[in-house]
Amino acid sequence: MSATRRKASRKSASPKWRRRERDARPRIVLVGFGRVGGALALGLQAAGWPVSVLPRSADSVRRAATLRVPLADHDALRAADVCVLAVPDGAVPRALELIEEDLGPSTALVHCSGALPLSVFKDAKAKRPFGSFHPLAAVSDARDDLSGHAVALASTDKALGATLWKMALALRLEPLEVPETGRAAYHAGAVLSAGLLVALADAAVSALEEAGLERDAALKALLPLMRSALRGVESRGLERGLTGPVVRGDVGVVQAHLEALPPELGAVYRLLSRRALKLAPTLPPETRAALERLLM
Ligand SMILES: NC(=O)c1ccc[n+]([C@@H]2O[C@H](COP(=O)([O-])OP(=O)(O)OC[C@H]3O[C@@H](n4cnc5c(N)ncnc54)[C@H](OP(=O)(O)O)[C@@H]3O)[C@@H](O)[C@H]2O)c1
């Protein structure tokens, strides 16, 4: 067959090809239609994956209908390749109890938590693959776009690992495999970079309040500054992206800051400045020693 004919016959058969390709995609049921459950459902649906959801409250059922995400019925649970529990961490064992009887014998169970170990599934009745799929994103609404973020994957089974990898790529997430033994440290890092960045912003706002500024005005002024610091790190890395008196070796400025801050903010400032000092390897030894004394 000539190349043109082959192309033409493939074109005429394309709906069937597309159907076959779609049928090859794992069937996913999501338990919980909150922020992450919703974002995963909408993202997978947009990527053409067969996905349905099992919300709990009437409100969540209504939200799924408004966003045109199909509800999972008994058959969908039975036929699912992967059942994703997108419920609060503490609700995972209870949600598992409620649905396990209805799952197919080889349906894999996956949670979305960064903190929960895979052993949370140890009481599952059937022997099935377990995994976790933790998007490194602050998801505040089901309609949030996950693409461009990283996702931490873990699984007890090679085939499930490959499916989760495929799911990540379908959602345009960057897969990151995290060994189960490192889970707590990994999650601590994730919390430091997101929730605790907000806590740091709060400390910075309080420092501006010490200077007499209003809280709202302070936050408004600091947000673009924080964004520019992150842009610097993004384009130049941690060491070259660092700015401020520590990296400049301005001992007098650091001293004035510490004198101006109340003890609680001073403690945060000292701790983070000691960390910044590690990112400034080229400071002259006497300047480094003076800063170390001040920041003790
Ligand atoms: N949000 C984030 O930024 C983020 C990022 C990464 C990972 N995660 C992880 O994703 C998971 C879900 O978090 P989320 O932020 O999406 O929470 P969420 O918005 O509060 O949604 C949780 C959903 O779980 C449902 N639910 C609660 N208890 C249930 C139970 N016993 N059985 C069945 N469904 C139950 C709730 O249903 P109703 O509302 O219908 O009652 C709700 O829709 C957590 O493990 C979290 O650690 C969250």
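Residues numbered from 1 in each chain as written. Predicted model: local features only at pLDDT ≥ 70, side-chain atom pairs only at ≥ 80, totals over all residues.

## Things to note about the overall build of the chain
Line of reasoning, step 1. Tallying secondary structure elements over the chain gives 14 helices and seven strands in all.
Line of reasoning, step 2. By the burial criterion, 25% of the 296 residues in the chain qualify as buried.
Line of reasoning, step 3. In the chain, the proportion of contacts linking residues at least 24 apart, taken out of those at least 6 apart, comes to 60%. (Helix = DSSP H or I, 4+ residues; strand = E, 2+ residues; numbered from the N terminus. Buried ≥ 20, exposed ≤ 12 C-beta atoms within 10 Å, placed from the backbone. Contact = placed C-beta atoms within 7 Å.)

## Here's the deal with the domain arrangement of the chain
Line of reasoning, step 1. Along its sequence, the chain is organised into domain 1 (12-182) and domain 2 (193-294).
Line of reasoning, step 2. One C-alpha centre belongs to domain 1, the other to domain 2; they are set 40 Å apart. (Domains from an automatic or database assignment.)

## Here we look at the sheet that holds strand E1 (residues 28-31)
Backbone-to-backbone hydrogen bonds join strands into a sheet, with any given pair of strands oriented parallel or antiparallel.
Line of reasoning, step 1. Taken in spatial order, the seven strands of this open sheet run E2-E1-E3-E4-E5-E6-E7, and their pairing is mixed. Every other strand in the sheet has two partners, leaving strand E2 (51-54) and strand E7 (174-177) as the edge strands with one partner each. Neighbour to neighbour, the strand axes of the sheet diverge by 25° on average, direction disregarded.
Line of reasoning, step 2. By the bridge criterion, three bridges tie strand E4 (residues 108-111) to strand E5 (residues 130-136) in an arrangement that is parallel. Bridged to Leu-109 within E5 is Phe-130.
Line of reasoning, step 3. Of the strands in this sheet, E1, E2, strand E3 (82-85) and E5 are in contact with helix H3 (residues 35-46), which crosses E2 at around 160°. (Pairing = 2+ DSSP bridges. Axes fitted to C-alpha atoms, helices over the stretch in contact; angles between N-to-C directions.)

## So, unusual backbone geometry
Line of reasoning, step 1. You will see that Arg-68, though not glycine, has its phi angle at about 60°, which is positive.
Line of reasoning, step 2. Looking at where Arg-68 falls in the secondary structure, it is placed in the loop between helix H4 (58-66) and helix H5 (74-79).
Line of reasoning, step 3. Assessed through the 8 C-beta atoms surrounding it within 10 Å, Arg-68 is described here as exposed.
Line of reasoning, step 4. The backbone of Arg-172 sits at a positive phi, close to 55°, despite the residue not being glycine.

## Focus: the site of the ligand
Line of reasoning, step 1. Near the ligand you find 25 residues, and of these Gly-32, Gly-34, Val-36, Ser-57 and Ser-60 are the closest.
Line of reasoning, step 2. Secondary structure elements with two or more residues in the shell around the ligand: H3, helix H6 (92-99) and E5.
Line of reasoning, step 3. With three residues, the single largest contributor to the shell around the ligand is H3.
Line of reasoning, step 4. Residue classes in the shell around the ligand are distributed as 14 nonpolar, seven polar and four charged. (Near = placed C-beta within 6 Å. Nonpolar A, V, L, I, M, F, W, Y, C, P; charged D, E, K, R; others polar.)

## A word on the confidence of the model for the chain
Line of reasoning, step 1. Scored by pLDDT, the chain has a mean of 93; 92% of the residues are at 70 or more.
Line of reasoning, step 2. Note that pLDDT drops below 50 for residues 1-12; the model gives that stretch one contact with residues more than four away or on any other chain. (pLDDT = per-residue confidence, 0-100.)

## Describing the nonpolar core
Line of reasoning, step 1. Counting 50 residues, the largest nonpolar core has Val-29, Leu-30, Val-31, Val-84 and Leu-85 as its most contacted members.
Line of reasoning, step 2. When residues in this core are grouped by element, the largest group, six residues, is from H3.
Line of reasoning, step 3. Filtering out sequence-adjacent residues up to four positions away, Leu-85 remains in contact with Val-31, Gly-32, Val-92, Ala-95, Leu-96, Leu-109, Val-110 and His-111. (Core = buried A, V, L, I, M, F, W, Y, C linked by C-beta atoms within 7 Å.)

## As for the pairing of E5
Line of reasoning, step 1. Of all the seven residues making up E5, six are buried; the element is thus mostly covered by neighbouring parts of the structure.
Line of reasoning, step 2. Relative to strand E6 (residues 150-155), E5 is paired through six bridges, and the arrangement is antiparallel. Its bridge partner lying in E6, Gly-131 is registered against Ser-155.

## Some thoughts on the pairing of E6
Line of reasoning, step 1. Of all the six residues making up E6, five are buried; the element is thus mostly covered by neighbouring parts of the structure.
Line of reasoning, step 2. With four bridges connecting them, E6 and E7 associate as parallel partners. Bridge pairing in E7 links Leu-153 to Glu-177.
Line of reasoning, step 3. For the segment spanning E6, helix H7 (residues 158-170) and E7, crossover handedness is right-handed. (Right-handed = clockwise from strand over helix to strand, strands pointing away.)

## Considering H3
Line of reasoning, step 1. Helix length check: H3, at twelve residues, gives a terminal C-alpha distance of 16 Å against a target of 16 Å (1.5 Å per residue), a fit within 8%.
Line of reasoning, step 2. Summarising burial for H3: nine of the twelve residues are buried, a large majority.
Line of reasoning, step 3. Regarding H3, the residues found buried are Val-36, Gly-37, Gly-38, Ala-39, Leu-40, Ala-41, Leu-42, Gly-43 and Leu-44.
Line of reasoning, step 4. The inward-facing, buried residues of H3 abut E1, E2, E3, E5 and H7. (Expected span 1.5 Å × (residues − 1).)

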